[in-house]
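Observations on the model geometry
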Amino acid sequence: MPTKRLLGEPVAERLRTNARDRTADLRERGHVPTLGTVLASDDRAAGRFMDLKHDACDDVGIETRDHRLGSDVSDEELFRVVERLSTDPTVDAVFVQTPLPPEVSTLDIGSRIDPRKDVDCFHPENRGLLVGGDPRFVPATVAAVEELLAAYDVSTDGRDVVIVGRSDAIGVPLANRLLQKSGGNATVTVCHSHTRDLAAKTRTADVVVTACGVPELVDGSMLSPGVVVVDVSANRRRVDGEREVVGDVDYESAKEKSRAITPVPGGVGPVTLATLLGNVVLAAERRTDGE
Ligand code: NAP
């Protein structure tokens, strides 16, 4: 059977349409959904991700406030900007792009965001709700993986899922969601840089999700036939002077083993932009409804 490509764009288009319609409703009711974003890095890829988020908001009618602080910003100034957005009554949602300065944790940032505006789930209260199975927001990347699997009828119920990466932005919340009875109902293994014999773990999986930022770490020899592969990463590198974007998975060899696989680019990335829009609109709707 030919390998199915799990393309993100059709899924993203459906989610964008939903966000656009709900934004129009809010505007009719006199509320302009507004996202405040912060970037405290000179990383070019992170800057590009921010540009894409602003374009996506623009496209559906969400307003944005853009704060590009650069990597030499002091922690105090970074926290001040986040707190100002968090208390600004004209802002519905706050998103802080990673990478953060090395000494600043996602909890340092999250605890300064009003949990009702914390659309990427950095606030400790929101993390607790997510782990408890009653999330206020599902982080955009996690929601994107879920949307993509659902759109292509990939059920994780009763399946063995291996996640490569344990960051508190992606790997850990995704593991929680996939584990829950009301969520993915899967048996979940989370791997990281100290995992011994990664290939032995990935070979046990019905579904492999990679979010580690290591180009082509996982190849076909590390997968079992019939696996579904979701590659969250988009790693930029130069080969023979040419720039290219690759995932954590060696696509060509992995495709030979897979029942279905996301391309990079064009898989999870576009869906993540769209799920963030959905979270911003949700935050704005709740504020309009006085929740
Ligand atoms: P991160 O905070 O750097 O975490 C990377 C994780 O990968 C860590 O848990 C790390 O282990 C693990 N890891 C690193 N090398 C490994 C190895 N050789 N074997 C196994 N595990 C390894 O990154 P992140 O913020 O979660 O982002 C992960 C990737 O997703 C990045 O490539 C990022 O660009 C991408 N991303 C994509 C989207 C999207 O929409 N598609 C959105 C956001 C981010 P330790 O914990 O032991 O260090």
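Residues numbered from 1 in each chain as written. Predicted model: local features only at pLDDT ≥ 70, side-chain atom pairs only at ≥ 80, totals over all residues. Heavy atoms only, no water.

1. Here's the deal with helix 2 (residues 44-60)
The first and last C-alpha atoms of helix 2 sit 25 Å apart over 17 residues, in line with the 24 Å expected at 1.5 Å per residue. Burial in helix 2 covers these residues: Ala-45, Ala-46, Gly-47, Met-50, Lys-53, His-54, Ala-56, Cys-57 and Val-60. Those residues of helix 2 that are buried are in contact with helix 1 (9-28), strand 2 (34-39), strand 3 (63-68), strand 4 (93-97), strand 9 (235-239) and helix 10 (268-288). Two or three places before Ala-45, at the opening of helix 2, Asp-43 has a side-chain oxygen 3.3 Å from that residue's backbone nitrogen. (Helix = DSSP H or I, 4+ residues; strand = E, 2+ residues; numbered from the N terminus. Expected span 1.5 Å × (residues − 1). Buried < 20%, exposed > 50% of the residue type's maximum accessible area, 1.4 Å probe, protein only. Contact = heavy atoms within 4.5 Å. Polar contact = N/O pair within 3.5 Å; in protein donor to acceptor, adjacent residues only side chain to side chain.)

2. Side note on the pattern of salt bridges
The full count for this structure, using the stated rule, is 20 salt bridges. As a salt-bridge pair, Arg-22 and Glu-285 come within 2.8 Å of each other at their nearest N and O atoms. Placement of the pair is Arg-22 in helix 1 and Glu-285 in helix 10, with a sequence separation of 263 residues. A residue is classified by how much of its surface remains accessible, and Arg-22, at 23% relative accessible area, is partly exposed. We note a salt bridge from Glu-83 to Arg-112, for which the minimum N-O separation is 3.3 Å. Taken together, the residues span a long stretch of sequence, with Glu-83 in helix 3 (residues 75-87) and Arg-112 in the loop between helix 4 (106-110) and helix 5 (124-131) at a distance of 29 residues. According to the relative accessible area criterion, Glu-83 is partly exposed, its value standing at 35%. A cluster of three or more residues bridged by salt bridges with shared partners is formed by Glu-9, Glu-13, Arg-16, Arg-20 and Asp-59. (Salt bridge = Lys/Arg side-chain N within 4 Å of Asp/Glu carboxyl O.)

Limitation: the analysis is restricted to geometry and does not speak to function.
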